[in-house]
Amino acid sequence: MSTKVFKSVAVTNKHPNWEMLTSRPSELYSRSDDVRSPFARDFTRILHSMAYRRLKHKTQVFFNINNDHICTRMEHVNHVDSVSSTIARELGLNDELTKAISIGHDLGHAPFGHHGEKVISKLTEKHLDKKFWHEQNGLRFVDKIELLEDNYKVGKNLDLTYAVRDGIISHCGELDENGLRPRDELINLNDFTSAGQYQPATWEGCVVKISDKIAYVGRDIEDAINLGFLDKKDQNKLLKMARSNDENVMNTTVIMHNMIIDICKNSTPEKGISLSKTFLDQLNEIKSFNYEHIYGNKRFKPFMHYAELIITEIFNILLECYDEKHTFSALKANLQYSKKLLDSFTKWLCKYCDSEIIPEKYIDNSVVLDNEKIYGKLDNKNLYIQAIIDYISGMTDHFAIDIFNEMITY
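What this report covers is the structure whose coordinates are included nearby. (Residues numbered from 1 in each chain as written. Predicted model: local features only at pLDDT ≥ 70, side-chain atom pairs only at ≥ 80, totals over all residues. Heavy atoms only, no water.)

### Some words on helix H4 (residues 73–91)
Selection criterion: The secondary structure listing takes helices from DSSP runs of H or I that are at least 4 residues long and strands from runs of E that are at least 2 residues long, numbered from the N terminus. One less than the number of residues in a helix, times 1.5 Å, gives the span that helix is expected to have. Remark: exposure states derive from per-residue accessible area (1.4 Å probe, protein chains only) relative to the maximum for the residue type, with buried under 20%, exposed over 50%, and partly exposed in between. In this description, contact between two residues means that some pair of their heavy atoms is separated by no more than 4.5 Å.
For H4, with 19 residues, the first-to-last C-alpha span of 27 Å sits near the 27 Å given by 1.5 Å per residue. Residues of H4 that are buried include every one of Arg73, Met74, His76, Val77, Val80, Asp81, Val83, Ser84, Ser85, Ile87, Ala88 and Leu91, and no others. Tucked into the core, H4 has its buried residues touching helix H2 (38–47), helix H3 (50–54), helix H5 (95–104), helix H6 (113–127), helix H9 (203–226) and helix H11 (252–266). Of the residues trailing H4, Gly92 is marked for its positive phi of about 80 degrees.

In structure tokens form, the structure reads like this:
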């Protein structure tokens, strides 16, 4: 197989858009002996972020927090990293950029998977008149929420490159597309108003976008079989679909391998990042199978009710604490029997509110933060509601359940 050479925006600093694609919201500190590229630095910064660490306890598809063998959100992003890096190297693209986008693309996911995302969206539509979607929330987290210490132990935002931030907000893999090509214009990323509205700005972002679909379709089947969601009849139907292009297919590993190789063979700068019609049809057929037999399975209903109850109750109890001038006092008065919730949410607010409204007893002088105070003085209820949404969306399944259990324990 011959390697295709794309006009990658990331391979060389001779590309006309190099400065824009490697630009950051704010300049990072530098070391004279650092050997990493801008995108390798982004990979490391994401790897060390708290949002990435929390992915190991966030639902991918199957809520099964006590089963170590079921795919979590962290394992999923690593699968995407594996798929996209393989494709990028074979096509002559920058695998450091694909790696950074891959492990960062789902940082905005809520607890309890896509259902948790839907529950939070219901709340934001009701209270903030806007939808919640994890791609946009991922950009918000890397731009406004996540903090890392610099060389002087000062906490600052991640300040990732434009190319990686773009890959995060534009990665939507729910749409049935083929022949992915980067968009021409390097727009303001805040111009995205819905998932999948614009294609990624780089070939690498396009590779991650299609790799996301291959990764989740394949791995979700494996978990569904292990958990008994698919009976023998369903498994035989799936095997028949899988063997339509390769009679030797025995499991999802081979299905994913065949699709990866097909993309490498069929993608060109003229055609875009493409599956052949044969494998595109197969991917869409398997995806439809998954939606019918896995994602729409009635066994998910108790989990969906449980997740909605937890998220909604945490939201409601925090919302009741809002006081235009004395929110911190109101929190303490109303949450005195929910110490874990009181402590964690108070600490959350302290990081992102103007210092003048933070009670002295909550000020931690051992921590120096130099980040945007996105909630200001909390003198606007919508700012406070946004703080609750940010706080809940960053939770792991474990932590949300712990908070809820504390709320109902007397």
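There's plenty left to go through after this.
### Some remarks on the side chain of Thr124
With respect to the helices and strands, Thr124 occurs in helix H6. Thr124 sits in the buried class, given a relative accessible area of 2%. Excluding residues within four positions of it along the chain, Thr124 makes contact with Asp129, Lys130, Lys131, Phe132 and Ile389.

### Considering the environment of Leu230
Here Leu230 lies in the loop between H9 and helix H10 (232–242). Separated by 60 residues in sequence, Leu230 and Asn290 place their C-alpha atoms 10.0 Å apart.

### Concerning the state of the cysteines
Basically, it comes down to this: Counting rule for disulfides: a pair of cysteine sulfur atoms within 2.5 Å.
In this structure the tally under the stated criterion is 0 disulfides. The thiol sulfur of Cys206 is not disulfide-bonded, and the nearest other cysteine sulfur, from Cys172, lies at 13 Å.

### Regarding the nonpolar core
Here is the rule: Among the buried residues, those of types Ala, Val, Leu, Ile, Met, Phe, Trp, Tyr and Cys that are joined through side-chain atoms within 4.5 Å form a nonpolar core.
Membership of the largest hydrophobic core comes to 120 residues, with the highest contact counts inside it found for Ile273, Ile314, Leu318 and Tyr375. Of the residues forming this core, the biggest block, 11 residues, is contributed by H9. Apart from residues no more than four positions distant in its own chain, Leu318 is found in contact with Leu331, Leu335, Leu341, Phe345, Tyr384, Ile388 and Tyr391.

### Observations regarding the layout of surface pockets
The condition that has to hold: Residues are said to line a cavity or pocket when one of their atoms sits within 4 Å of a point; the points come from a 1 Å grid over protein atoms alone, cavities being sets where a 1.4 Å probe fits but cannot get out and pockets being open sets with protein on both sides within 12 Å along at least five of seven lines. Grid points are joined across faces, edges and corners, and a volume is the space filled by probe spheres set on the points. Three classes are used, and their members are as follows: Ala, Val, Leu, Ile, Met, Phe, Trp, Tyr, Cys and Pro are nonpolar, Asp, Glu, Lys and Arg are charged, and the others, Gly among them, are polar.
Taken as a whole, the largest pocket holds about 1100 Å³ of empty space. As for the largest pocket, its lining consists of 41 residues, and the residues nearest its centre are Leu147, Lys347, Trp348, Lys351 and Leu369. For the lining of the largest pocket, the elements supplying multiple residues, two or more each, are H3, helix H7 (134–145), strand S1 (147–149), helix H15 (339–352) and strand S3 (368–369). In terms of residue class, the lining of the largest pocket is made up of 19 nonpolar, 9 polar and 13 charged.

### A word on the pairing of strand S2 (residues 154–157)
Two faces, one strand: in a regular strand the side chains alternate between the faces of the sheet. Let me state the cut-off plainly: Here, any two strands with at least 2 DSSP bridges between them count as paired.
Note: S1 against S2, 3 bridges, orientation antiparallel. Considered in S2, the bridge of Leu147 is made with Asn157. In textbook terms, the turn of a hairpin is the stretch between consecutive antiparallel strands, and for S1 and S2 this stretch comprises 4 residues, one of which, Lys153, has a positive phi near 60 degrees. The sheet contact formed by S2 and S3 spans 2 bridges and is parallel. Counted as the bridge partner of Gly155 is Leu369 from S3.

### Digging into unusual backbone geometry
Of note, Phe112 is a non-glycine position whose phi angle comes to about 65 degrees, a positive value. Inspection of the secondary structure assignment puts Phe112 in the loop between H5 and H6.

### Concerning the environment of Asn371
Selection criterion: A 3.5 Å cut-off defines polar contacts: any pair of N or O atoms within that distance qualifies, except that in protein one atom must be a possible hydrogen donor and the other a possible acceptor, and neighbouring residues in sequence count only when both atoms are side-chain atoms.
Structurally, Asn371 is set in the loop between S3 and helix H16 (381–393). Its relative accessible area of 9% is what places Asn371 among the buried residues. In the structure, Asn371 is positioned 283 residues away from Ala88 in sequence and 34 Å away in space, judged by C-alpha atoms. When sequence neighbours within four positions are dropped, the list of residues in contact with Asn371 reads Leu147, Gly155, Asn157, Lys351 and Tyr352. A distance of 3.1 Å separates the side chain of Asn371 from the backbone oxygen of Lys351, its partner in a polar contact. Of note is the side chain of Asn371, whose polar atom sits 2.9 Å from the side chain of Lys373.

### Focus: H15
Given 3.6 residues per turn, any residue in an α-helix points the same way as the ones three and four places further on. The terminal C-alpha atoms of H15 lie 20 Å apart, and with 14 residues this matches the ideal 20 Å at 1.5 Å per residue to within 8%. Looking at the buried positions of H15, the neighbouring elements they touch are H7, S1, helix H13 (301–319), helix H14 (327–334), H16 and helix H17 (397–407).

### Some remarks on the packing of aromatic side chains
Condition: Aromatic rings from Phe, Tyr and Trp, taking only the six-membered ring of Trp, are treated as a pair when their centres fall within 6.5 Å; an angle between ring planes under 30 degrees marks them as stacked, one over 60 as edge-to-face, and anything in between as tilted.
Summed over the entire model, instances satisfying the criterion amount to 19 aromatic pairs. For the ring pair Trp348 and Tyr391, a centre distance of 5.9 Å and an interplane angle of 65 degrees mean the geometry is edge-to-face. Residue Trp348 is located in helix H15, and its partner Tyr391 is located in helix H16; the two are separated by 43 residues in the primary sequence. Accessibility classification places Trp348 together with Tyr391 in one group, the buried group. Between Tyr352 and Tyr375, the aromatic rings sit 5.7 Å apart at their centres with planes inclined by 70 degrees, giving edge-to-face as the arrangement. Of the two residues, Tyr352 sits in helix H15 while Tyr375 sits in the loop between S3 and H16, which places them 23 residues apart along the sequence. Of the two residues, Tyr352 and Tyr375, both sit in the buried class. Members of the aromatic cluster, connected to one another through ring pairs, are Phe141, Tyr322, Phe345, Trp348, Tyr352, Tyr375, Tyr384 and Tyr391.

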